[in-house]
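Structural description and commentary
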Amino acid sequence: QVRLVESGGGLVQPGESLRLSCAASGFTFRLYDMSWYRQAPGKERELVAGISNSGGTTNYAESVKGRFTISRDNVVKTVYLQMNSLKPEDTAKYYCNAPRGPYRNVWGQGTQVTVSS
C-alpha cells in the first residue's frame, strides 16, 4: 500500500524555522520526483517546492525562494522541507506528493504549520 506520512509541523513565531519530513512507503521512492504542497483555509492547494528523483534538480514557488529548501534521502525514503524565516502567510497544512506517475493521487494527512506571534 502506498503511503505518505508528513510530520514536523507546529506553531512558531515569525522568523523561526521548521523542518518537515515526509516518509514514503509502498513504492520505489528513488524513481519518482517529489513535491511539497500547502493549502491554507479557503484557498487552493499550491505547489511549494519540487525535487527530482535523484535530488539533483529543485524548484520553488516564488513566495518561498531563498527561505525554503527541499531535499531527499532515497535510502530512508524521505523528503524534507527546511523552512526558515517563516512568515504568517506560510500558515497552511503541508502535504507531500509524487506528482508524476501512478501515485499522483496519493496524499497523506498533511502536517499543520502555523506562524503567529
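The coordinates are above.
Residues numbered from 1 in each chain as written. Predicted model: local features only at pLDDT ≥ 70, side-chain atom pairs only at ≥ 80, totals over all residues. Heavy atoms only, no water.

1. Focus on the sheet that holds strand 2 (residues 10-12)
Reading across the sheet, the six strands line up as 2-10-9-4-5-6 and stay open at both edges, with mixed pairing between neighbours. Sheet topology places strand 2 and strand 6 (58-60) at the edges, where each strand pairs with a single neighbour. Adjacent strand axes in the sheet meet at a mean angle of 20° when their direction is disregarded. Strand direction decides the pairing type here: strand 9 (residues 92-97) and strand 10 (residues 111-115), joined by three bridges, are antiparallel. Each residue of the ladder has a partner; that of alanine 92, found in strand 10, is valine 113. (Pairing = 2+ DSSP bridges. Helix = DSSP H or I, 4+ residues; strand = E, 2+ residues; numbered from the N terminus. Axes fitted to C-alpha atoms, helices over the stretch in contact; angles between N-to-C directions.)

2. What to know about the environment of isoleucine 51
Among the structural elements, isoleucine 51 can be located in strand 5 (residues 46-51). With relative accessibility at 5%, the residue isoleucine 51 sits in the buried group. Taking the C-alpha atoms as reference points, isoleucine 51 and isoleucine 70, separated by 19 residues in sequence, lie 6.7 Å from one another. Apart from residues lying up to four places away in sequence, isoleucine 51 is in contact with Asp33, Met34, Thr57, Thr58, Ile70, Ser71, Arg72 and Val79. (Buried < 20%, exposed > 50% of the residue type's maximum accessible area, 1.4 Å probe, protein only. Contact = heavy atoms within 4.5 Å.)

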